[in-house]
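# Examining the three-dimensional arrangement
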Amino acid sequence: MYVLGIESSCDETGVAVVDTGVLPVPALLGQALHSQIQMHQAYGGVVPELASRDHIRRVVPLTHMVLEQARLTLEQIDVVAFTQGPGLAGALLVGSGYACALAAALNKPVLRVHHLEGHLLSPFLSADPPVFPFVALLVSGGHTQLMQVNGIGQYVLLGETIDDAAGEAFDKSAKLLGLPYPGGPELARMAQSGNPLAFDLPRPLLHSKDLNFSFAGLKTAVLTQQKKLEAAGEVSPEQRADLAAATQAAIVEVLVKKSLKALKQTGLKRLVVAGGVGANQALRSQLNEACARRHIRVHYPELSLCTDNGAMIALAAGLRIQAGVAKPEFDYSFKVHPRWALEMQ
């Protein structure tokens, strides 16, 4: 079964074709992705109206590109899947409208997909796919959650952020340090030459009894430390690198320890890490080390699939159909869910 996936929830336009009839794991036949980073850099963050307009420009050419890679025609597509939420309303409307119009023109069914489920299941396209059940750490610019995943469509929320997501903490702290958008990867690069012990930054909720996260206080602490450095004179590159390293260390420690706590609480021995922050090398290194000591398997999506992409949407749709938890429909009306809890879909 050939599934065409359309992703347009924020500032990346993703299109992909996945063949879910291939065993033991689905095959990615083609994918294309356009990032709007350069366009939004001038504004220091995503401008929703500009994001929506750019999705309109990109989605059709990307579709043709992917079909050429997959050596398929539009008529050979069996299902058109698209991100219904969560995300930016205008951006979601572009992808939803395009997917439904395309499917209607082809007389093909559509399937609506939850963006976070796409991230959650993306490691099933990797060379080392997980098996159920497992604990999932969904960690991105807009979401930080721990889920117990018992099967396709069987998700139990264990904990989530009560304010900023981990990706937000990276990006906002980077902006305070004067780094360009998107700040998270820039902060991680700067941290490589810094001393993570140079500054004593807080680890909010690290020792709480629950599995929730909080990163807003960390951002405030970074701001306070930055002002102290500026008050003492010109901030040196070494000091900025040290503050970046200390910030990253604080975020990573919280993510690692909360993940280990979730594994202990559930008794599971398998962890999946997905979302943009899952590409952070410090996080991967510390999780791998901590889990190896506890004989826990850790699975990640391929680095190219950590950011938003169409492959994860096509995959999630195909797996839901195979598991019998969703059925493609010939209903081409659509609405979007800018806010949408994964376990409530």
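Residues numbered from 1 in each chain as written. Predicted model: local features only at pLDDT ≥ 70, side-chain atom pairs only at ≥ 80, totals over all residues. Heavy atoms only, no water.

## Considerations on the overall build of the protein
Broken down by element type, the protein carries 10 helices and 10 strands. In terms of overall dimensions, the protein is globule-like: its C-alpha atoms have a radius of gyration of 20 Å, near the 20 Å expected for 345 residues. Its C-alpha atoms put the protein at 65 × 45 × 30 Å along the principal axes. Residues classed as buried in the protein amount to 54% of the 345 residues present. At a minimum sequence separation of 6, the contacts of the protein that also span at least 24 residues come to 73%. Of the charged side chains in the protein, 29 are positive and 30 negative; the average position of the first set lies 6 Å away from that of the second. (Helix = DSSP H or I, 4+ residues; strand = E, 2+ residues; numbered from the N terminus. Rg over C-alpha atoms; globule rule 2.2 N^0.38 Å. Buried < 20%, exposed > 50% of the residue type's maximum accessible area, 1.4 Å probe, protein only. Contact = heavy atoms within 4.5 Å. Lys, Arg positive; Asp, Glu negative; His and termini not counted. Charge placed at Lys NZ, Arg CZ, Asp CG, Glu CD.)

## Details of the pattern of salt bridges
Evaluated as defined, the whole model comprises 14 salt bridges. Notably, a salt bridge pairs Asp54 with Arg57, separated by 3.2 Å at the nearest N-O pair. Of this pair, Asp54 and Arg57 both sit in helix H2 (residues 48-70), three residues apart, roughly one helical turn. On the basis of relative accessible area, Asp54 is assigned to the buried category, the value being 3%. A salt bridge links Asp164 to Lys172; the nearest nitrogen and oxygen atoms lie 3.4 Å apart. Classification of Asp164 as buried rests on a relative accessible area of 8%. Look at Lys172 and you get partly exposed, because its relative accessible area is 32%. Through salt bridges with shared partners, a single network forms among Asp164, Glu168, Lys172 and Lys219. (Salt bridge = Lys/Arg side-chain N within 4 Å of Asp/Glu carboxyl O.)

## A closer look at the UniProt feature "binding site: substrate" (unreviewed entry) in the protein
Residues annotated in UniProt with the feature "binding site: substrate" (unreviewed entry) correspond here to Leu138, Val139, Ser140, Gly141, Gly142, Asp171, Gly184 and Asn280. If you take the residues mentioned a moment ago, the ones lining the largest cavity come down to Leu138, Val139 and Ser140. Mapping Val139 onto the fold places it in strand S6 (residues 134-139). Ignoring any residue separated from it by four or fewer positions in sequence, one finds Val139 in contact with Thr144, Ala166, Leu255, Val273, Ala274, Gly275, Gly276, Val277, Gly278 and Leu283. By the element assignment, Asp171 lies in helix H5 (residues 166-176). (UniProt positions renumbered as here; feature names shortened; annotations may be inferred. 1 Å grid on protein atoms, 1.4 Å probe; cavity = no way out; pocket = protein on both sides within 12 Å on 5 of 7 lines; lining within 4 Å.)

## With respect to the sheet that holds strand S7 (residues 144-151)
In spatial order, the strands read S8-S7-S6-S9-S10; together these five strands make up an open sheet with mixed pairing. Edge strands, defined here as strands with exactly one partner in the open sheet, are strand S8 (154-160) and strand S10 (297-299). Adjacent strand axes in the sheet meet at a mean angle of 25° when their direction is disregarded. Pairing of strand S9 (residues 270-274) with S10 involves three bridges; the strand directions are parallel. Bridge pairing links Leu271 to Val298 in S10. Of the strands in this sheet, S6, S7, S8 and S9 touch helix H8 (residues 237-266), which is tilted by about 155° from S6. Contacting S6, S9 and S10, helix H9 (residues 281-293) runs over the sheet at an angle of about 175° to S9. (Pairing = 2+ DSSP bridges. Axes fitted to C-alpha atoms, helices over the stretch in contact; angles between N-to-C directions.)

## Description of the packing of helix H7 (residues 216-231) against H8
Relative orientation of the contacting elements H7 and H8 amounts to 165°, with a least axis distance of 11 Å. The orientation of H7 relative to H8 falls into the category roughly antiparallel. Relative to H8, the crossing made by H7 is right-handed. Of the residues in H8, those in contact with Leu218, Val222, Gln225, Gln226 and Leu229 of H7 are Gln239, Leu243, Thr247, Ala250 and Ile251. The residue makeup of the contact of H7 with H8, split by class, is six nonpolar, four polar and no charged. (Parallel < 35°, antiparallel > 145°, perpendicular 65-115°, else oblique. Left-handed = near helix turned anticlockwise from the far one by under 90°. Nonpolar A, V, L, I, M, F, W, Y, C, P; charged D, E, K, R; others polar.)

## A look at the nonpolar core
Counting 50 residues, the largest nonpolar core has Leu201, Phe215, Leu255, Val273 and Leu283 as its most contacted members. Broken down by secondary-structure element, the contributors of at least two residues to this core are S6, H5, helix H6 (183-191), H7, H8, S9 and H9. Here the element with the most residues in this core is H8; it accounts for 14 residues. When sequence neighbours within four positions are dropped, the list of residues in contact with Leu255 reads Leu137, Val139, Thr144, Ala166, Phe213, Phe215, Val277 and Leu283. In terms of nonpolar packing, the next biggest core, distinct from the first, is built from 33 residues, Val3, Leu138, Met147 and Ala274 among them. (Core = buried A, V, L, I, M, F, W, Y, C linked by side-chain atoms within 4.5 Å.)

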